[in-house]
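# Descriptive structure summary
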Amino acid sequence: MKTGADPLPPLVDRPPTTLLLTLRRAHVRVAAVMLFAVGTSLMIAALLALRTSAEHNLQLVARSVAYTAEAAVVFRDEGAIAEALELIGRQESLASAAIVDATGAVLGRYVRPRSTTLDRFGDRLANLLLAQPTTSDIVYQGHAIGHVQLQGDGAGFVRFIFTGLLGLLGCLALGSVAVWQLSRRSYREILQPVKELITMTHAARAEPNTSRRAPRSHIAEFDKLGEDFNALLGEIEAQQAQLHQENKSLSHLANHDSLTGLPNRAYFRRRLSRVLQDAQTQGSSIGVLYLDNDHFKSVNDQYGHATGDALLIEVAQRIRAQLREGDVVARLGGDEFAVLLAPLHNSDDAVRIADKILASMATPMPTRFNERIVPSVSIGIAIYPLHGSSSEQLLRAADRAMYQVKAGQRGHKHIFSFDDDANFLKENN
Ligand SMILES: Nc1nc2c(ncn2[C@@H]2O[C@H](COP(=O)(O)OP(=O)(O)OP(=O)(O)O)[C@@H](O)[C@H]2O)c(=O)[nH]1
């Protein structure tokens, strides 16, 4: 079915992609943005909480060291100071610890050995996040005699960041599976109605089949689209039915006579040509009768045109009633009719049917004012292959034969003979 609409221009910038891929991309983007936003916020919040807790812990440790080391500082016992720092350094998460006297002299220092990149990364992180160093005064009899300096080592932060990243990766993996499943499900839900619409549109274009209807959909937009599409198909179907009806009546008008309802001359000739082709291949015979009303003009003149019309209808019905289903009777025009007898077993059958038609004319036609009008026709008969091999030859032969009847005694039949041509020419020149 040609629509007349211009074809869509080709996609130059990007080739078309599938619906599944588009959905998957959209879901992945949403999931990635969500994970990034939630993960980052959670990580920042947790890091801040961890920092507060670490600073608090360093304060406690510093205070505890200051208390423990008070006596050692008073007696400047460097061995005890080193032992206390070593103990605290091993137990707590410290990069370094030092005890300094009131003059600023370092009495003891502990530095955790840093060998790996991870250790150095932890220290940098601790320097970045914590207010370093954490100090606490060593007080003796109400006077500060020195202070403790602690540097956190950031191992806690590193552990947290790695655990957090692992958690995020886990979420990413789970999210990917969920996105995969979700897009598959959405695809199925969306695709089903879309597929129906695509199939229907194709059918409507190709067959054209407008009788199918889109099913209801649980997706409101598709449901509405299907409803509108069905309404459109309904309208097309109604238009097609109307067009079909109009075509039918136009074709009927083109092939039939409006007064008698019989096929017209054009139809008769086409049909005769077709039947002749079959007869030529099968070697069968055909009979053509040419019928002309007798003194029809005087019926018109005497009783009026309407009565003349009624007589034509009556004659048409009487002829039709004598024929087999497959035989054709047509009105050639005016008061002339033709009959096609196919197949015909022998010439006698054509003569017999002509006699039946003549006999059917014997009774008067019923009229409104009970006038006595008896139909009468003259019939010329031509037989294929005896009298011609084309539709023109056969019709002319039957016409000439009919003319012979008119020339002799009307209301009879005559089977064509080749003398009829000569007679016709003699009488018409
Ligand atoms: N009522 C009516 N008359 C028609 C129609 N078509 C043609 N006629 C008339 O039919 C008549 C045909 O007359 P002809 O066949 O020439 O002569 P005829 O009176 O039948 O005489 P013969 O054929 O020699 O017996 C003409 O008067 C036409 O006007 C029609 O559809 N209805």
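Computed from a predicted structure; not experimentally measured.

### Focus on the side chain of Asp101
You can see Asp101 is positioned in strand S1 (residues 94-101). In this structure the side chain of Asp101 is engaged in a polar contact, spanning 2.6 Å, whose partner is the side chain of Thr103. Here Ala105 takes part through its backbone nitrogen, which lies 2.8 Å from a polar atom of the side chain of Asp101.

### What about the UniProt feature "transmembrane region" (unreviewed entry) in the protein?
Under the UniProt annotation, "transmembrane region" (unreviewed entry) lies at residues 30-50 and 157-180. The span residues 30-50 is 100% helix and 0% strand, and its two end C-alpha atoms sit 30 Å from each other. Here residues 157-180 runs as 100% helix and 0% strand, with 34 Å between its end C-alpha atoms.

### Digging into helix H11 (residues 391-407)
The end-to-end C-alpha separation of H11 is 24 Å, in line with the 24 Å expected for 17 residues at 1.5 Å each. Of all the positions in H11, only Ser391, Leu394, Leu395, Ala397, Ala398, Arg400, Ala401, Met402, Gln404, Val405 and Lys406 are classed as buried. Those residues of H11 that are buried are in contact with helix H7 (265-282), strand S5 (285-293), strand S8 (377-384), strand S9 (413-415) and helix H12 (419-427).

### Things to note about the nonpolar core
One finds Leu289, Leu291, Ile319, Val339, Ile357 and Ile379 to be the most contacted residues of the largest nonpolar core, which totals 28 residues. Counting only elements with at least two residues in this core, the list comes to S5, helix H8 (296-303), helix H9 (305-321), strand S7 (336-344), helix H10 (347-360) and S8. Aside from chain neighbours lying at most four places away, what touches Ile357 is Leu289, Leu291, Ile319, Gln322, Val339, Val377 and Ile379. Grouped together as the second largest cluster of nonpolar side chains are 26 residues, Val73, Ile99, Leu107 and Val158 included.

### Notes on the site of the ligand
The ligand sits among 16 residues. The nearest are His295, Lys297, Asn300, Asp309 and Arg331. Between the ligand and His295 there is a distance of 2.8 Å, counted from an oxygen atom to a backbone nitrogen or oxygen. Contact with the protein chains covers 66% of the free accessible surface of the ligand, which is 650 Å². Of all the secondary structure elements, the ones that give two or more residues to the shell around the ligand are S5, H8 and H9. Per-element tally for the shell around the ligand: the top contributor is H9, with four residues. Considered class by class, the residues forming the shell around the ligand number two nonpolar, six polar and eight charged.

### Some words on the pairing of S5
Most of S5 sits inside the fold, with eight of its nine residues counted as buried. Relative to S7, S5 is paired through seven bridges, and the arrangement is antiparallel. By the bridge assignment for S7, Leu289 is matched with Val339. For S5 and S8, the ladder comprises eight bridges, and the chain directions are antiparallel. Across the sheet, residue Leu289 finds its bridge partner in S8, namely Ile381.

### Here we look at the packing of H7 against H11
Close contact between H7 and H11 brings their axes to 9 Å; oriented N to C, the two are set at 115°. As H7 runs across H11, the sense of the crossing is right-handed. The residues of H11 that touch H7, namely those facing Phe268, Arg269, Leu272, Ser273 and Leu276, are Ser391, Glu392, Leu394 and Leu395. A class-by-class count of the residues in the contact of H7 with H11 yields five nonpolar, two polar and two charged.

Rules and cut-offs
- Per chain, residue numbering runs from 1 following the sequence as it is written.
- With pLDDT at 70 or above as the cut-off, local features in this predicted model cover only qualifying residues; side-chain atom pairs require 80 or more to be listed or tallied, and sums for whole chains, interfaces and linings still use all residues.
- Heavy atoms from the whole structure form the basis of all side-chain values; hydrogens and water molecules are not counted.
- Secondary structure elements are defined from DSSP: runs of H or I of at least 4 residues count as helices, runs of E of at least 2 residues count as strands, and each element is numbered from the N terminus.
- Polar contact is the term for a pair of N or O atoms within 3.5 Å; when the atoms are in protein, one must be able to donate a hydrogen and the other to accept it, and sequence-neighboring residues count only if both atoms are side-chain atoms.
- UniProt positions are given in the numbering used here, feature names are shortened, and annotations may be inferred rather than shown by experiment.
- Each residue after the first adds 1.5 Å to the expected span of a helix.
- Between buried and exposed lies partly exposed: a residue is buried under 20% and exposed over 50% of the maximum accessible area for its type, with that area taken using a 1.4 Å probe on protein chains only.
- Here a residue-residue contact requires only that any non-hydrogen atoms of the pair lie within 4.5 Å.
- To qualify as a nonpolar core, a set must consist of buried Ala, Val, Leu, Ile, Met, Phe, Trp, Tyr and Cys residues joined through side-chain atoms within 4.5 Å.
- Summary of the distance rule: residues count as near a molecule or strand when at least one heavy atom falls within 4 Å of that molecule or strand.
- Every accessible area reported is derived by Shrake-Rupley at a probe size of 1.4 Å, with residue values counting cover from the shown protein chains alone.
- Following the grouping adopted for this structure description, the nonpolar residues are Ala, Val, Leu, Ile, Met, Phe, Trp, Tyr, Cys and Pro, the charged ones are Asp, Glu, Lys and Arg, and the polar ones are all others, Gly among them.
- For two strands to pair, DSSP has to find at least two bridges joining them.
- Orientation is described by axes fitted as lines to C-alpha atoms, over the contacting stretch for helices, and by angles from 0 to 180 degrees between their N-to-C directions.
- Definitions for this section: a left-handed crossing has its near helix turned counterclockwise from the far helix by less than a right angle. A right-handed crossing has that turn clockwise.

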